[in-house]
Amino acid sequence: MASSRRRHATPGRIGRVGRQAVPRPRVIMALLLLLGLVCMLLLDGYLRAEVGDDQRIRTGASADSVPDDVLEGGPILSFPGGTARTQSVPDKTIVLTFDDGPDPEWSGKVMDILDENDVPGTFFLVGSMVSRYPDVVRRMVDEGNEVGVHTFTHVDLSYQSEARVKREIAQTQLALAGAAGITTTLFRAPYSSKTDAIDDYSWPVYERLGAMGYTSVFIDTDSEDWQQPGVSKIIKWATPEDGEGASVLFHDAGGDRSETLAALPKYIKKMKAKGYTFTTVSGAQQQDAAAASKNGASEDEAAVDEAAVDGAVPPGPAQAGGTGSDPAQAAHRTADTASLWEGRALLAAVRVAEWTVPGLATMLGVVGVAVLGRFGLMLVLARRHHRQRNRRRFTWGPEVTGPVSVIVPAYNEKECIAATLNSLAASTHPIEIVVVDDGSTDGTAEIAESLGLPNVRVIRQENAGKPAALNNGVRQAHHDIVVMMDGDTVFEPDAVHQLVQPFADPGIGAVAGNAKVGNRSTMIGAWQHIEYVMGFNLDRRMYDLLGCMPTIPGAIGAFRRQAVLEAGGMSEDTLAEDTDITIALHRAGWRVVYAEHARAWTEAPASLGQLWRQRYRWSYGTMQALWKHRRSVTDRGPSGRFGRVGMPLVVLFQIVTPVFAPLIDVFTVYAMIFVDFKASLLAWLAILAVQLLCAAYAFRLDREKYRYLLMMPLQQLAYRQLMYLVLIHSCVTAATGGRLRWQKLKRTGEVGTPHVGAS
């Protein structure tokens, strides 16, 4: 029974029951946490080229639209005044360029070699790598090297939309701004080589970038170091012919660069021995412009060369002019304030993602192991429990035949109370029925009295809450064993008799019955039916054998009256008074067991809204109860045994695992969309198969019809996600010290008196 009650708030870390409902912002906060997880995962996937990855590389296209002077020109392409202009590296000059960095292992070693040989380099950086390793970029700039844009995700821009091209460039510039406080006018396209490789598809990209102020840099010689051909071949292929100047391509990332590190110092020494000097792209541009002026070039040509050196139009968010007086870094621009802070925000988000996603992936592994371990443990212990309790010779002791008291707390249960009391009247065990009307306003008490059933007493009290009603019933009970139930529940005729048999053992203080969903004809009802059979009842078999049953269900449970009174009765400290009293009995040294043949039928929530409210109360109340009894972990004796066995299991299986279980679904969906759909789908189906196996076995033990299992795949896709959100919502409420009120579920009364073996 889930009734609306007025409760008095009491102090507590988690926060006990109050009159104020949980405000909606906490629901929003729970959803924001899930949204944040998805965003972190997408950001991390974007950085690792899983999200938006495009591995297409264009080859063999025609170059009809590309000007001949560009195809035959030098490796430095700019568009001053909107006109394509190429420049060559001056003779006896080498521009060392490095692609695909920064890399935390190789880039630093490359810079060490450059520093030892007193030569600069020009590094074309991938934005996603910049955002992950900003310290390496900062060192590049501080040591006098020049940097350029190599897109954010290393895609062939000739296949991309104009918006994607702009995004690739802008995001890389923001990463540079955040890492080193600069932007750059230099650009090199992934998979580019010499200018004669420009085709009709890539040419429009270079034109657009040129209009934005970028200088595109190509190569004269390619070391082919990415193929790892050997040191001698790397040096040979990187060497220009006949004293010509060259833009030379090496790589400082993208794989094992040990051969590059071995070849680079030898190459530098070899070229210096031949009389070569080393500079950056900007240095080469300035030398070319100076040579043009010295050789008597026309004023217009000199102006064009000077504009090319200055970078023409500043790209993106940058201030005009370089970052300093170093001509080797003339392509750098000081990032403006907005770009600087946006870049820092990007780097901060990346750092969070870099820590969060691997941590979540580790947690995913832990959750996966815990989930599979729980399934395995449930199957093994449930089978053992079933075989042990269903042996012909099994007995709890002498048959319990004495009368017991059945307490029925009721608040506005006019739709259900008649069916509830009629089912008790058909009991095969002698009982007295104590109906405690908790201030009902719909005539519940009058309906109970009008039935004229024998051994029924109706006690009226002012509205005080379910725990108060149960305590009143316990005080009014005439017998040593009390059965507690909800006002919307109906018992099978032998339910009470089966429920009280374990009390033949004097060490048993409470017994949990087998609660069944009565209104299972709807989709929501069927989902809850699967959950009751597989989750709750299979769990109870496991907890029974482990001696740490955490909860006696409010729908059907039996207690020794004296044990309840000694524990202080049903507490109002939490919303889960059934869990609270069960843990209290464990700590007092009583055993709590499960009677699988004591069946009761309850009316489950019929709408998603009611289901949310019920499960929210359950999960939040469970957290309150666990917090209340937290000291049992360090206690000695029976209390300590439960605290060190039962408490960790409940926390792991009912809180931690479900809270992080959405990781499985989120990562699965992510992998299906961005990684490997087939493999991810097969993994999800394998997990579903394990769950179906457990569910089928649980249905077999409870002698339920298997047809409801047809709803399980849809349950995993919809219902389970709702339960996750409920639990996350509860955790947020607990963490923020929120309060929650009792809420009355709308009853339909459709669960009637059951027949024997109705399941």
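Whatever comes next refers back to the structure up there.
Okay, so let's go over this structure.

Cut-offs applied
Think of each chain on its own: its residues are numbered from 1, step by step along the sequence as written. Owing to the predicted nature of the model, reporting of local features is limited to residues with pLDDT of at least 70; listing and counting of side-chain atom pairs is limited to 80 or more, with chain, interface and lining totals taken over all residues. With hydrogens and water set aside, each side-chain value is computed from the structure's full complement of heavy atoms. A run of DSSP states H or I qualifies as a helix once it reaches four residues; a run of E qualifies as a strand once it reaches two. Both are numbered from the N-terminal end. Distance and chemistry together define a polar contact, namely a pair of N or O atoms within 3.5 Å, with one atom able to donate a hydrogen and the other to accept it when in protein, and with adjacent residues in sequence counting only for side-chain atoms on both sides. Contact definition: two residues touch when any of their heavy atoms are within 4.5 Å. By salt bridge we mean one thing: a side-chain nitrogen of Lys or Arg within 4 Å of a carboxyl oxygen of Asp or Glu. Burial classes follow relative accessibility: with a 1.4 Å probe on protein chains only, a residue under 20% of its type's maximum area counts as buried, one over 50% as exposed, and anything between as partly exposed. If DSSP finds at least two bridges between two strands, the strands pair. Here the term cavity refers to a set of points on a 1 Å grid, laid over the protein atoms alone, in which a 1.4 Å probe fits but cannot get out; the term pocket refers to an open set having protein on both sides within 12 Å along at least five of seven lines, with lining residues being those that place an atom within 4 Å of a point. Grid points are joined across faces, edges and corners, and a volume is the space filled by probe spheres set on the points. All amino acids are sorted into three groups, where Ala, Val, Leu, Ile, Met, Phe, Trp, Tyr, Cys and Pro are nonpolar, Asp, Glu, Lys and Arg are charged, and the leftover types, Gly among them, are polar. An expected span of 1.5 Å times one less than the residue number is assigned to each helix. With axes taken as lines fitted to C-alpha atoms, and helix axes fitted only over the stretch in contact, angles between N-to-C directions fall between 0 and 180 degrees. Under this scheme an angle from 65 to 115 degrees is roughly perpendicular, one under 35 degrees roughly parallel, and one over 145 degrees roughly antiparallel; angles in between are oblique. For crossovers, right-handed means that the path from the first strand over the helix to the second runs clockwise, given strands pointing away from the viewer. By definition, turning the near helix anticlockwise from the far helix through less than a right angle yields a left-handed crossing, and turning it clockwise yields a right-handed one. Geometry of aromatic contacts follows a simple scheme: Phe, Tyr and Trp rings, the Trp one being its six-membered ring, pair when their centres are within 6.5 Å, and the pair is stacked under 30 degrees between planes, edge-to-face over 60, tilted otherwise. Counting as a charge over the ring demands two things of the Lys NZ or Arg CZ atom: a distance within 6 Å of the ring centre and an angle within 35 degrees of the ring normal. Note on patches: the residues involved have over 30% relative accessible area and no salt bridge, like charges join within 9 Å, and the nonpolar side chains Val, Leu, Ile, Met, Phe, Trp and Tyr join within 5 Å. Accessible surface area values rest on a Shrake-Rupley calculation with a 1.4 Å probe, where residue burial reflects the displayed protein chains alone. The charge count treats Lys and Arg as positive and Asp and Glu as negative. His and the chain ends do not count. Where a charge sits is defined by one atom per residue type, namely NZ (Lys), CZ (Arg), CG (Asp) or CD (Glu).

Assignment of secondary structure puts histidine 150 in the loop between strand S5 (146-149) and helix H6 (162-180). A polar contact is formed between the side chain of histidine 150 and the side chain of histidine 154, at a distance of 3.4 Å. Only 2.8 Å separates the side chain of histidine 150 from the backbone oxygen of arginine 188, close enough to count as a polar contact. In this structure histidine 150 touches Asp99, Asp100, Phe124, Leu125, Val126, Arg188, Ala189 and Pro190, once residues within four positions along its chain are discounted.

Here we take up the pattern of salt bridges. Scanning all chains against the criterion turns up 25 salt bridges. One salt bridge in this structure joins arginine 188 and aspartate 99, with 2.9 Å as the shortest N-O distance. Highlighted residues: arginine 188 in the loop between strand S7 (186-187) and helix H7 (203-211) and aspartate 99 in strand S3 (residues 93-101), separated in sequence by 89 residues. Overall, the relative accessible area of 1% leaves arginine 188 in the buried class. Classification of aspartate 99 by relative accessible area gives buried; the value is 5%.

So, on to the sheet that holds strand S16 (residues 481-485). The sheet built from eight strands is open, its strands ordered S15-S14-S13-S16-S19-S18-S20-S17 with mixed pairing. Since the sheet does not close on itself, it has two edges, and those belong to strand S15 (456-461) and strand S17 (490-491), each with one partner. With eight bridges joining them, strand S18 (residues 508-517) and strand S20 (residues 591-602) adopt parallel strand pairing. Each residue of the ladder has a partner; that of alanine 510, found in S20, is valine 592.

Let us look at unusual backbone geometry. Geometrically, the link from glycine 101 to proline 102 is a cis peptide bond, its omega value of 0° lying close to zero. If you trace the backbone, proline 102 turns up in the loop between S3 and helix H3 (106-116). Backbone geometry at asparagine 412 places phi at a positive 50°, although glycine is not the residue there. In this fold, asparagine 412 is placed in the loop between strand S13 (404-410) and helix H13 (417-425). On the basis of relative accessibility, which here comes to 17%, the residue asparagine 412 falls in the buried class. Its identity as a non-glycine residue notwithstanding, arginine 703 has a phi of 55°, on the positive side. Mapped onto the fold, arginine 703 is located in the loop between helix H23 (677-701) and helix H24 (712-735).

Time to look at the environment of leucine 372. Secondary-structure assignment places leucine 372 in helix H12 (residues 337-389). Classification of leucine 372 by relative accessible area gives partly exposed; the value is 47%. Between the C-alpha atom of leucine 372 and that of glutamine 691, which follows or precedes it by 319 residues, the distance is 9.2 Å.

Right, let's get into empty space enclosed by the protein. On inspection of all chains with the given rule, the structure shows three cavities of 30 Å³ or more. Estimated volume of the largest cavity: approximately 80 Å³. Along the walls of the largest cavity sit Lys466, Leu470, Met484, Met485, Ile552, Pro553, Gly554, Gly557, Phe559, Met570, Glu577 and Asp578, which together make up its complete lining. Going through the elements one at a time, helix H15 (466-476), S16, strand S19 (556-560) and helix H19 (577-587) are the ones with two or more residues in the lining of the largest cavity. Class assignment for the residues of the lining of the largest cavity results in seven nonpolar, two polar and three charged.

Here we take up helix H10 (residues 281-294). For H10, with 14 residues, the first-to-last C-alpha span of 20 Å sits near the 20 Å given by 1.5 Å per residue. Residues of H10 that are buried: Val281, Ser282, Gly283, Ala284, Gln285, Asp288, Ala289 and Ala292.

It is worth spelling out the packing of H19 against helix H21 (residues 637-660) at this point. In the contact formed by H19 and H21, the axes pass within 7 Å of each other and the chain directions differ by 130°. In terms of their interaxial angle, H19 and H21 are classed as oblique. Packed against H19, whose contacting residues are Ile583, His586 and Arg587, the element H21 presents Pro638, Ser639 and Phe642 at the interface. For the contact of H19 with H21, the residue count by class is three nonpolar, two polar and one charged.

As a further point, take the pairing of S15. The sheet contact formed by strand S14 (residues 431-438) and S15 spans six bridges and is parallel. Across the sheet, residue aspartate 438 finds its bridge partner in S15, namely glutamine 461. In the classification by handedness, the crossover that spans S14, the intervening helix H14 (residues 444-450) and the parallel S15 is right-handed.

Packing of helix H17 (residues 523-546) against H21 leaves a shortest axis separation of 12 Å and a crossing angle of 165°. Taken together, the axes of H17 and H21 are roughly antiparallel relative to one another. The hand of the H17/H21 crossing is right-handed. On H21, the residues touching Met542, Tyr543 and Leu546 of H17 are Leu649, Val650, Phe653 and Gln654. Residues belonging to the contact of H17 with H21 are distributed by class as follows: six nonpolar, one polar and no charged.

Quick look at the packing of aromatic side chains now. What characterises a pair of aromatic rings is the spacing of the ring centres plus the angle enclosed by the ring planes. Per the counting criterion, the structure on display carries 11 aromatic pairs. Consider the rings of phenylalanine 394 and tryptophan 396, whose centres lie 5.2 Å apart with planes at 80°: the pair is edge-to-face. One aromatic cluster is present, built from ring pairs that chain together Phe98, Phe123, Phe250 and Tyr267. One residue, arginine 58, lies across the ring of tyrosine 201, its end atom 3.8 Å from the ring centre.

The next point concerns a negative patch on the surface. Taken together, Asp91, Glu241, Asp242 and Glu244 make up a surface patch of like negative charges. With respect to the helices and strands, the residue aspartate 242 is situated in the loop between helix H8 (231-238) and strand S10 (246-251). Among the residues examined, aspartate 242 registers a relative accessible area of 77% and is labelled exposed.

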